[in-house]
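# Report on the structure
Chain residues, written in single-letter form:
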Amino acid sequence: MDIVLTLVFSIVMLFFMIYPAMRITEWIDARYPIPEAYYRPVMLLIVVLLSLGIGLFLKFA
């Protein structure tokens, strides 16, 4: 039940974490050039990680 609750919180946060993930990816690209083929997968990975992080925070806070 804990995993389901965390995933529910995380799914809602996916939409709100898109903009911060774009900014973080731009920052990473400015410091360490990311190949064009990996730019979008890196951004999606950051979106998922941020959403899971916020979901875990909301569950345990």
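It should be emphasised that the depicted structure is a prediction, and the values quoted were computed from it without experimental measurement.

## Quick notes on helix α1 (residues 2-16)
- For α1, spanning 15 residues, the distance from its first C-alpha to its last is 22 Å, which sits close to the expected 21 Å at 1.5 Å a residue.
- Regarding α1, the residues found buried are Thr6, Ser10 and Met13. For α1, the arc enclosing every buried residue in end-on projection is 65°, short of the 170-degree limit, so these residues lie on one face. Residues of α1 that are exposed and point over 90 degrees away from its buried face: Ile11 and Phe15.
- Among the structural elements, α3 (36-60) are those in contact with the buried residues of α1.

## Some thoughts on the pattern of salt bridges
- All told, the structure shown has one salt bridge when counted by the stated rule.
- A salt bridge links arginine 23 to glutamate 26; the nearest nitrogen and oxygen atoms lie 3.5 Å apart. Separated by three residues within a single helix, arginine 23 and glutamate 26 lie in helix α2 (residues 18-31), roughly one turn from each other.

## Overview of the side chain of threonine 25
- When you line up the elements, threonine 25 lands in helix α2.
- Leaving out residues up to four positions away in the same chain, threonine 25 has contacts with Ile34, Tyr39, Val42, Met43 and Ile46.

## Side note on the packing of α2 against α3
- Direction vectors running N to C along α2 and α3 enclose 130°, while the axes themselves pass 9 Å from each other. Taken together, the axes of α2 and α3 lie oblique to each other. When the axes of α2 and α3 are compared, the crossing they make is right-handed. Counted together, Ile18, Pro20, Ala21, Met22, Ile24, Thr25, Glu26, Ile28 and Asp29 of α2 and Tyr39, Val42, Met43, Ile46, Val47 and Leu50 of α3 form the full contact between these two elements.
- For the contact of α2 with α3, the class distribution of residues is 12 nonpolar, one polar and two charged.

## Quick word on the packing of α1 against α3
- Packing of α1 against α3 leaves a shortest axis separation of 8 Å and a crossing angle of 125°. When the axes of α1 and α3 are compared, the pair comes out oblique. When you trace α1 past α3, the crossing you get is right-handed. Taking contact as the criterion, the partners of Asp2, Leu5, Thr6, Leu7, Phe9, Ser10, Met13 and Leu14 in α1 are, on α3, Val47, Ser51, Leu52, Ile54, Gly55, Leu56, Leu58 and Lys59.
- Class assignment for the residues of the contact of α1 with α3 results in 10 nonpolar, four polar and two charged.

The rules behind the values
- Residues numbered from 1 in each chain as written.
- Predicted model: local features only at pLDDT ≥ 70, side-chain atom pairs only at ≥ 80, totals over all residues.
- Heavy atoms only, no water.
- Helix = DSSP H or I, 4+ residues; strand = E, 2+ residues; numbered from the N terminus.
- Expected span 1.5 Å × (residues − 1).
- Buried < 20%, exposed > 50% of the residue type's maximum accessible area, 1.4 Å probe, protein only.
- Arc of directions from axis to C-beta.
- Contact = heavy atoms within 4.5 Å.
- Salt bridge = Lys/Arg side-chain N within 4 Å of Asp/Glu carboxyl O.
- Axes fitted to C-alpha atoms, helices over the stretch in contact; angles between N-to-C directions.
- Parallel < 35°, antiparallel > 145°, perpendicular 65-115°, else oblique.
- Left-handed = near helix turned anticlockwise from the far one by under 90°.
- Nonpolar A, V, L, I, M, F, W, Y, C, P; charged D, E, K, R; others polar.

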